[in-house]
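An overview of the molecular structure
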Amino acid sequence: MVTLVGKKAPKFSSPAIVDGKRVENNFSLEKFIGQKYVVLFFYTKDFSGICPSELHDFQSKLNEFKSKNVEVIGCSTDTEESHLAWLNIDKKNGGIKGITYPLIADTTKTISYNYGTLMGNYEINENNTLEANGPMIALRGLFLIDKNGIIQHQLVNYFTLVRNVNEILRIVDALQYFEKNGVFCPVVR
């Protein structure tokens, strides 16, 4: 896998569920550039057994991210209809009801591909589009993008390895400390 750290975040425009209900057809990273930091994370599939706890953990710390001027965005290769259906199921039943941050529907798989998280059997054809030879889903990728649109942190895990949201907040703190003070931040959170 190629690292994207230090490079411009790949652009995209895709359908997304925003505020847990509204479909935005042209959701784009560009609207945050120059204004906010972005934590863009990829998860495997809607209705999967491990993902709900992680998505709920991001939601439980959403105010903390917002206080640091960070937009949290989730992405999977599922459709916006699948996202909506999962959002209508209570947490106790394996759903993600109550999630308010945007969920991108990467049905073309190009966002996952451009961020290096796409797992499955595929090839790029002569028209520069993906052709699948089996299921294609995103690995658990996470990217911290600064206000200039530069990727400052990249983490990609296999499907079964869940991320620690507190560690992501610590990484945000470290970046913002460095930007403010010009020196590296202590490891403590």
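Residues numbered from 1 in each chain as written. Predicted model: local features only at pLDDT ≥ 70, side-chain atom pairs only at ≥ 80, totals over all residues. Heavy atoms only, no water.

1. Let's talk about the sheet that holds strand 5 (residues 103-105)
Strand pairing in a sheet relies on backbone hydrogen bonds, with the paired strands running either antiparallel or parallel. The sheet built from seven strands is open, its strands ordered 2-1-5-4-3-8-9 with mixed pairing. Of all strands in the sheet, those with a lone pairing partner are strand 2 (22-28) and strand 9 (151-157), marking the two edges. Averaged over all adjacent pairs, the angle separating strand axes in this sheet is 25°, with direction ignored. Pairing analysis gives five bridges linking strand 1 (residues 13-18) to strand 2, with the strands arranged antiparallel. (Pairing = 2+ DSSP bridges. Helix = DSSP H or I, 4+ residues; strand = E, 2+ residues; numbered from the N terminus. Axes fitted to C-alpha atoms, helices over the stretch in contact; angles between N-to-C directions.)

2. Details of the side chain of S82
Looking at the element boundaries, S82 is found in helix 3 (residues 80-87). You can call S82 buried: its relative accessible area is 16%. Setting aside residues up to four positions removed in sequence, S82 forms contacts with D46 and F47. (Buried < 20%, exposed > 50% of the residue type's maximum accessible area, 1.4 Å probe, protein only. Contact = heavy atoms within 4.5 Å.)

3. A look at the nonpolar core
Among the nonpolar cores identified, the biggest contains 26 residues, and V39, F41, L55, F58, F65 and Y101 are the most heavily contacted of them. Contributions of two or more residues to this core are made by strand 3 (37-42), helix 1 (51-60), helix 2 (62-67), strand 4 (70-76), helix 3, strand 8 (140-145) and helix 5 (165-181). If you tally residues by element for this core, the top one is helix 5, at six residues. Apart from the residues lying within four places of it in its own chain, the contact partners of V39 are F58, F65, V70, E71, V72, I73, L142, F143, L144, I168 and V172. (Core = buried A, V, L, I, M, F, W, Y, C linked by side-chain atoms within 4.5 Å.)

4. Quick notes on a nonpolar patch on the surface
Taken together, the side chains of M119, Y158 and L161 define a hydrophobic patch exposed on the protein surface, amounting to about 290 Å² of accessible area. Considering the arrangement of structural elements, one finds Y158 in the loop between strand 9 and helix 5. For Y158, a relative accessible area of 46% gives the class partly exposed. (Patch = residues over 30% accessible without salt bridge, like charges linked within 9 Å, V, L, I, M, F, W, Y side chains within 5 Å. Areas by Shrake-Rupley, 256 points an atom, 1.4 Å probe, with all protein chains shown as cover. Salt bridge = Lys/Arg side-chain N within 4 Å of Asp/Glu carboxyl O.)

5. A look at the pairing of strand 4
Counted residue by residue, strand 4 has seven buried out of seven residues, so it is predominantly covered. One ladder, built from six bridges, connects strand 3 with strand 4; its direction is parallel. Each bridged residue has a counterpart across the sheet, and for L40 the counterpart in strand 4 is I73. One ladder, built from three bridges, connects strand 4 with strand 5; its direction is parallel. Within strand 5, the position partnered with S76 by the bridge is A105.

6. Overview of the pattern of salt bridges
Once the charged atoms of two side chains with opposite charge are near each other, the side chains can pair. Enumeration according to the criterion identifies nine salt bridges in this entry. For D78, the salt bridge identified is with K45, shortest N-O distance 2.9 Å. You can see D78 sitting in the loop between strand 4 and helix 3 and its partner K45 sitting in the loop between strand 3 and helix 1, a full 33 residues away along the chain. Owing to a relative accessible area of 32%, K45 belongs among the partly exposed residues under this scheme. Among the ionic pairs, R170 bridges to E167, the shortest N-O distance being 2.9 Å. Taken together, the positions of R170 and E167, both in helix 5 and three residues apart, correspond to about one turn of that helix. Members of the salt-bridge network, linked through shared partners, are E54, R140 and R163.

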